[in-house]
Amino acid sequence: MASLVRHVTIDCADAYALGSFWAAALDAPLHEDDHPGDPEALLATAGATLLFVTVAEPKTVKNRVHLDLQPQDRTRDEEVLRLLDLGATLVADHRRPDGTGWATLADPEGNEFCVERSSAERG
């Protein structure tokens, strides 16, 4: 058997704070052993396990890897608004008048991610 992806690891300035943003965004709790000030925070979701690791270096360029989110119980536009309310920022809007496209957002530390249409919107 080949290797399996165990975690998607995200370097950040504050593992617990960024993990908390993503916990709210993905509606999943941080691991029970994670606390403010910890150098790592783990977030297991139905889709993937994210590991946030505190590093000294700041983010300096565009992500080489990013997450694509697909809303499960709301529209893409409703999800974009919810994520903006949680602290994300809109980086680029690729939504088209015909309902296709996506929105590129950034989390509180500037890591880009995209929000796609829900399955229901894809028809």
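What this report covers is the structure whose coordinates are included nearby. (Residues numbered from 1 in each chain as written. Predicted model: local features only at pLDDT ≥ 70, side-chain atom pairs only at ≥ 80, totals over all residues. Heavy atoms only, no water.)

All right, on to the sheet that holds strand β2 (residues 40–44) then. The sheet built from three strands is open, its strands ordered β1-β3-β2 with mixed pairing. Unpaired on one side and paired on the other, β1 (8–12) and β2 mark the two borders of the sheet. Mean inter-strand twist for the sheet, computed between neighbouring axes without regard to direction, equals 20 degrees. Where β1 meets strand β3 (residues 49–54), five bridges bridge the pair, whose relative direction is parallel. (Pairing = 2+ DSSP bridges. Helix = DSSP H or I, 4+ residues; strand = E, 2+ residues; numbered from the N terminus. Axes fitted to C-alpha atoms, helices over the stretch in contact; angles between N-to-C directions.)

According to the stated counting rule, one finds eight salt bridges in the structure shown. With its nearest N and O atoms 3.5 Å apart, the salt bridge here joins E112 to K59. In this pair, E112 sits in strand β7 (residues 112–115) while K59 sits in the loop between β3 and β4 (67–69), placing the two residues 53 residues apart along the sequence. Of the residues examined, E112 reaches a relative accessible area of 17% and is grouped as buried. A salt bridge links D93 to R95, with the nearest nitrogen and oxygen atoms 2.8 Å apart. Judged by its relative accessible area of 42%, D93 is partly exposed. Residue classification places R95 among the partly exposed residues on the basis of a relative accessible area of 26%. (Salt bridge = Lys/Arg side-chain N within 4 Å of Asp/Glu carboxyl O. Buried < 20%, exposed > 50% of the residue type's maximum accessible area, 1.4 Å probe, protein only.)

What follows covers the packing of aromatic side chains. Under the defined criterion, the tally for this structure stands at two aromatic pairs. Between F21 and W22, the aromatic rings sit 5.4 Å apart at their centres with planes inclined by 85 degrees, giving edge-to-face as the arrangement. This pair shows no difference in class: F21 is buried, exactly as W22 is. Ring centres of W22 and F113 lie 4.7 Å apart, and the angle between their planes is 70 degrees; this geometry places the pair in the edge-to-face category. A residue pair is termed long-range when its members are at least 10 positions apart, and W22 in helix α1 (residues 15–26) and F113 in strand β7 qualify at 91 residues. The class of W22 is buried, set by a relative accessible area of 2%. Connected via pairs of aromatic rings, a cluster forms that spans F21, W22 and F113. (Phe/Tyr/Trp six-rings, centres within 6.5 Å; stacked < 30°, edge-to-face > 60°.)

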